[in-house]
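The chain contents come next:
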Amino acid sequence: MTAGNKPDTVVFDVGNVLVEFNPESFLLRETADETIRARLLKAVFKNPAWADADRGIYKDEEILARFIREAPDLEQEIRRVYERSGGTITLFPYAVPWILKLKRRGLRVFVLSNYSRHLYERTVQKMDFLPLLDGSIFSWQYGCIKPDETIYRYLFSEYNINPARAVFLDDNTDNVKKSCELGMQAILFTGYETARDTLEQLLEA
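Source: prediction; values computed, not measured.

Thresholds applied
Residues numbered from 1 in each chain as written. Predicted model: local features only at pLDDT ≥ 70, side-chain atom pairs only at ≥ 80, totals over all residues. Heavy atoms only, no water. Helix = DSSP H or I, 4+ residues; strand = E, 2+ residues; numbered from the N terminus. Pairing = 2+ DSSP bridges. Axes fitted to C-alpha atoms, helices over the stretch in contact; angles between N-to-C directions. Contact = heavy atoms within 4.5 Å. Core = buried A, V, L, I, M, F, W, Y, C linked by side-chain atoms within 4.5 Å. Buried < 20%, exposed > 50% of the residue type's maximum accessible area, 1.4 Å probe, protein only. Salt bridge = Lys/Arg side-chain N within 4 Å of Asp/Glu carboxyl O. Right-handed = clockwise from strand over helix to strand, strands pointing away. Polar contact = N/O pair within 3.5 Å; in protein donor to acceptor, adjacent residues only side chain to side chain. Phe/Tyr/Trp six-rings, centres within 6.5 Å; stacked < 30°, edge-to-face > 60°.

A. Layout of unusual backbone geometry. Cis geometry marks the peptide bond from Lys 146 to Pro 147, where omega comes out at 10°. Structurally, Pro 147 can be placed in the loop between β5 (135-138) and α8 (149-158). We note that Asn 16 has phi near 65°; this positive angle belongs to a residue other than glycine. Even without glycine at this site, Asn 160 takes up a positive phi of about 55°.

Put into structure tokens, the structure is as follows:
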């Protein structure tokens, strides 16, 4: 690595990187019935409609209708779980200190995340790192999701980011692969300590 492309920017995914997304634990708090929990997990959180909601192009009732079609007899439970789905998100304790440390080093820090408007409105108050950022791209605001290269290019253009000087951290292999294809350095996030150490090596190279 030359001085000309030493990283000056760090871009984080949000789910399971800065916050824990854990629908299983959430459902355990919602119902004691194991069978119903399994059906709700499949109908809502494992439903392709959950990811489609991240695109921000469907109304809540359209998404709900697709969930309900998977388990019509659980319509009331599905509606309740969807409304309370902010309970799936918990801030990781390392998130704010990590970002603060990077900011103190003079790095710019952003997030690029697949996230629905519905979930964002119910969890934004938990994301204490947001005021610390130099900017953010949440998919529901832009009508596309990772790994579509369009959303990465929105990030680059909106915040004047040189991909060759940016490090991207994400827990999804396809998202990491696409970031590398677009010229970024990337870390597949499998846990905080490993990612922190790998990022440190890139920043000090």
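B. Just the sheet that holds β5, in detail. One open sheet accounts for five strands, arranged β5-β4-β1-β6-β7; its pairing is parallel. In this open sheet, the two strands that pair with only one neighbour each are β5 and β7 (185-188). Adjacent strand axes in the sheet meet at a mean angle of 20° when their direction is disregarded. Sitting on the sheet, helix α6 (residues 95-104) is in contact with β1 (9-12), β4 (108-113) and β6 (166-170), with an inclination near 165° to β1. Sheet strands in contact with helix α10 (residues 192-204) are β1, β6 and β7, and its direction is about 165° off that of β7.

C. Region of interest: the nonpolar core. Formed by 52 residues in total, the largest nonpolar core has its most connected members in Phe 12, Ile 78 and Phe 129. The element best represented in this core is helix α2 (residues 34-45), accounting for five residues. Among residues more than four places away in sequence, those in contact with Phe 12 are Val 17, Leu 18, Trp 98, Ile 99, Leu 102, Val 109, Phe 110, Val 111, Leu 112 and Leu 169. Within the second largest apolar cluster, 15 residues are counted, among which are Ile 137, Ile 161, Ala 166 and Leu 182.

D. Representation of the environment of Glu 77 within the structure. Residue position: Glu 77 is located in helix α5 (residues 75-83). By relative accessible area, which is 23% here, Glu 77 ends up partly exposed. Taking C-alpha positions, Glu 77 is 9.4 Å from Thr 31, a pair spaced 46 residues apart along the chain.

E. Geometry of the pattern of salt bridges. A complete count under the given rule lists 18 salt bridges for this structure. Ionic pairing is found between Asp 73 and Arg 39, a salt bridge with its closest N-O pair at 2.7 Å. Placement of the pair is Asp 73 in the loop between α4 (60-70) and α5 and Arg 39 in helix α2, with a sequence separation of 34 residues. Among the residues examined, Asp 73 registers a relative accessible area of 54% and is labelled exposed. We classify Arg 39 as partly exposed; its relative accessible area is 32%. Of the charged contacts in the structure, one is a salt bridge between Arg 79 and Glu 75, with a shortest N-O distance of 3.1 Å. Residue Arg 79 and its partner Glu 75 are located together in helix α5, separated by four residues, close to a single helical turn. Arg 79 sits in the partly exposed class, given a relative accessible area of 29%. Several salt bridges converge on common partners, so that one network encompasses Asp 13, Lys 146 and Asp 170.

F. Broad picture of the pairing of β5. The pairing of β4 with β5 spans four bridges and is parallel. Across the sheet, residue Ser 113 finds its bridge partner in β5, namely Phe 138. This β-α-β element, β4 to helix α7 (residues 117-123) to β5, shows right-handed connectivity.

G. Fine view of the side chain of Lys 146. Secondary-structure assignment places Lys 146 in the loop between β5 and α8. Reaching out from Lys 146, the side chain makes a polar contact with the side chain of Asp 13 at a distance of 3.0 Å. Within the structure, the side chain of Lys 146 is placed 2.7 Å from the side chain of Asp 170, a separation counted as a polar contact. Aside from chain neighbours lying at most four places away, what touches Lys 146 is Asp 13, Leu 112, Ser 113, Asn 114, Ile 151, Tyr 152, Phe 168, Asp 170 and Asn 175.

H. Region of interest: the packing of aromatic side chains. Applying the stated criterion to the full structure yields 18 aromatic pairs. On the basis of an interplanar angle of 15° and a centroid distance of 5.1 Å, the ring pair of Phe 92 and Tyr 94 is categorised as stacked. Judged by relative accessible area, Tyr 94 falls into the buried class, the value being 14%. Taking the centre distance of 5.5 Å and the plane angle of 80° together, the rings of Tyr 115 and Phe 138 count as edge-to-face. Of the two residues, Tyr 115 sits in the loop between β4 and α7 while Phe 138 sits in strand β5, which places them 23 residues apart along the sequence. In terms of burial, Tyr 115 and Phe 138 fall into one category: buried. Clustering of aromatic rings is evident, with ring pairs tying together Phe 21, Phe 26, Phe 45, Trp 50, Phe 67 and Tyr 82.

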